[in-house]
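Working through the structure, step by step
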Amino acid sequence: MKAVTHDTFGEPKEVLTTSDVATPEPAAGEVRIRMRLSPIHNHDLWTVHGNYGYKPELPGAIGGTEALGTVEALGEGVDDALLGQRVAVAGVHGTWAESFIAPAGGLLPLPEMISDETGAQLIAMPFSALSLLETLKAGKGDWIIQTAANGAVGKIMAVLAKARGIHLLNLVRRPEAKAELEALGLENVLSTSDAGWKDKAAALVGQGAVSAVDSVGGEISGDLVDLLGVDGELVVFGTATGAPMALSSGALIMKHITVRGFWGSRVSGDMAPEERKRLITELVTLAATGALTLDVGGTYGLGEITEAVTAARTPGRGGKILLRG
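The shown structure was predicted, so the numbers you read here are calculated from the model rather than taken from an experiment.

Some points on the sheet that holds strand 14 (residues 258-261)
Hydrogen bonds between backbone atoms are what pair the strands of a sheet, whose relative direction is either parallel or antiparallel. Taken in spatial order, the six strands line up as 11-10-9-12-13-14 in an open sheet, and their pairing is parallel. This sheet does not close on itself; its edge strands, each paired only once, are strand 11 (189-191) and strand 14. Within the sheet, the average angular offset between the axes of one strand and its neighbour, ignoring direction, is 20°. Here strand 12 (residues 209-214) runs beside strand 13 (residues 228-236); their pairing, made up of five bridges, is parallel. Residue pairing for strand 13: Val 213 is matched across the bridge by Val 235.

Considering the side chain of Lys 320
If you trace the backbone, Lys 320 turns up in strand 16 (residues 320-324). Summary of buried charges: Lys 320 has no salt-bridge partner, and the nearest side chain of opposite charge, Glu 66, is 7.1 Å away. A distance of 3.1 Å separates a polar atom in the side chain of Lys 320 from a polar atom in the side chain of His 41. What Lys 320 contacts, discounting residues up to four positions off in sequence, is Pro 39, Ile 40, His 41, Gln 121, Met 125, Ala 152, Asp 295, Val 296, Gly 297 and Gly 298.

Considering the layout of surface pockets
Counted as a void, the second largest pocket has a volume near 180 Å³. Lining the second largest pocket we find 16 residues, and of these Tyr 54, Pro 56, Ile 62, His 93 and Gly 94 sit closest to its centre. Every element with two or more residues in the lining of the second largest pocket is listed here: helix 2 (42-49) and strand 4 (61-62). Among the elements that make up the lining of the second largest pocket, the one with the highest residue count is helix 2 (three residues). Of the residues contributing to the lining of the second largest pocket, the split by class is six nonpolar, eight polar and two charged.

Comments concerning the packing of aromatic side chains
Counted under the stated rule, the structure contains three aromatic pairs. Aromatic side chains Tyr 52 and Trp 263 sit 5.8 Å apart centroid to centroid with 90° between the ring planes, which places their arrangement in the edge-to-face category. Taken as a pair, Tyr 52 in the loop between helix 2 and strand 4 and Trp 263 in the loop between strand 14 and helix 10 (264-270) lie far apart in primary sequence, 211 residues in all. When the ring of Phe 237 is compared with that of Phe 262, the centres are 5.9 Å apart and the planes differ by 25°; the resulting orientation is stacked. Here Phe 237 is found in the loop between strand 13 and helix 9 (249-254), whereas its partner Phe 262 is found in the loop between strand 14 and helix 10, with 25 residues between them in sequence. Residue classification places Phe 262 among the buried residues on the basis of a relative accessible area of 8%. Aromatic rings pair up to connect Trp 46, Tyr 52 and Trp 263 into one cluster.

Points about the nonpolar core
Counting 47 residues, the largest nonpolar core has Leu 122, Ile 144 and Leu 160 as its most contacted members. Top contributing element to this core by residue count: helix 4 (residues 124-135), with seven residues. With sequence-adjacent residues up to four places away left out, Leu 122 is seen in contact with Glu 66, Leu 108, Leu 110, Ile 114, Phe 127, Leu 283, Val 284, Ala 287, Leu 292 and Leu 294. Counting residues in hydrophobic clusters, the runner-up holds 29 residues, among them Val 89, Leu 302, Ala 311 and Leu 323.

Let's talk about the environment of Arg 313
With respect to the secondary-structure elements, Arg 313 resides in the loop between helix 12 (305-312) and strand 16. Looking at Arg 313, the relative accessible area reads 37%, which means it is partly exposed. With 57 residues separating them in the primary sequence, Arg 313 and His 256 have C-alpha atoms 37 Å apart. When residues no more than four places from it in sequence are discounted, the contact partners of Arg 313 are Glu 11, Pro 12, Leu 45 and His 49. Separated by 2.5 Å, the side chains of Arg 313 and Glu 11 make a polar contact.

As for the sheet that holds strand 1 (residues 2-6)
The sheet built from three strands is open, its strands ordered 2-1-4 with antiparallel pairing. Each of the sheet's edge strands pairs with one partner strand only, and the pair in question is strand 2 (17-20) and strand 4. The pairing of strand 1 with strand 4 spans two bridges and is classified as antiparallel. Across the sheet, His 6 pairs through a bridge with Ala 61, a residue of strand 4.

Cut-off values and rules
Residues numbered from 1 in each chain as written. Predicted model: local features only at pLDDT ≥ 70, side-chain atom pairs only at ≥ 80, totals over all residues. Heavy atoms only, no water. Pairing = 2+ DSSP bridges. Helix = DSSP H or I, 4+ residues; strand = E, 2+ residues; numbered from the N terminus. Axes fitted to C-alpha atoms, helices over the stretch in contact; angles between N-to-C directions. Buried < 20%, exposed > 50% of the residue type's maximum accessible area, 1.4 Å probe, protein only. Lys, Arg positive; Asp, Glu negative; His and termini not counted. Salt bridge = Lys/Arg side-chain N within 4 Å of Asp/Glu carboxyl O. Polar contact = N/O pair within 3.5 Å; in protein donor to acceptor, adjacent residues only side chain to side chain. Contact = heavy atoms within 4.5 Å. 1 Å grid on protein atoms, 1.4 Å probe; cavity = no way out; pocket = protein on both sides within 12 Å on 5 of 7 lines; lining within 4 Å. Points joined across faces, edges and corners; volume = space filled by probe spheres on them. Nonpolar A, V, L, I, M, F, W, Y, C, P; charged D, E, K, R; others polar. Phe/Tyr/Trp six-rings, centres within 6.5 Å; stacked < 30°, edge-to-face > 60°. Core = buried A, V, L, I, M, F, W, Y, C linked by side-chain atoms within 4.5 Å.

Structure follows, in structure tokens:
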């Protein structure tokens, strides 16, 4: 079968290639899925770089961690009813291939009203956003501030926060991104490149936000602490800039600010099955009713991985880049 592989860690567009590999066979409790669509997430590219929390075995590592497809083969002990079902799955490895292996217990069969394009990216980023929201101190009527609001998680967070009655201040780094979000109907959007943005932000959050989620790093992290209220929390979700967080010890001390990280993979792995089912049900309901929409910025074949990675890293793209099986 065809698969997108890499033999070394490095720049994705330089080390990723399309290869012929053996079609895998499912072990007990596993299924083989014929991939239809698989997204390119930032953490997938960090994994190829070799600087993510998970490092695959080399050479011949197959990229990708989420996909939608059809169950085409069953391992021992798996319910025959799964064969032929259209399912979504995340938290696996090797989805950038014509077929891949997944645990039968982690599959999410999808209703017909959810499209392939939405289903292919329904779990990883939306589930991370919802899991993150569940852990935040902010509740109904409180304020949350998020950076990178024009990213996939940022847009999803806007839907989830609104559904729960939580106020959200959306920060972006470019005026074009601000215009994009406002065109989508998002409120309270500010560009940090505009003069006076911080004063406008302070006026919106009043006595201060309860929670701030940072996916950028650098100087903005210190600004978020300034905008938090007493006993507020700063949650580090990502680092688009790769720059160290510029935090003022005075503000942290005087306002008793808590700073912590959030890694979706660990949270998901530690989550009780009942809790996971509850959150997944909420996501599927939002997607099925049209309240949660997940845009696609382009679809590429497995043989077009260089073009796909380039598109995935292009600032201002309109949605998630998908690979087609």
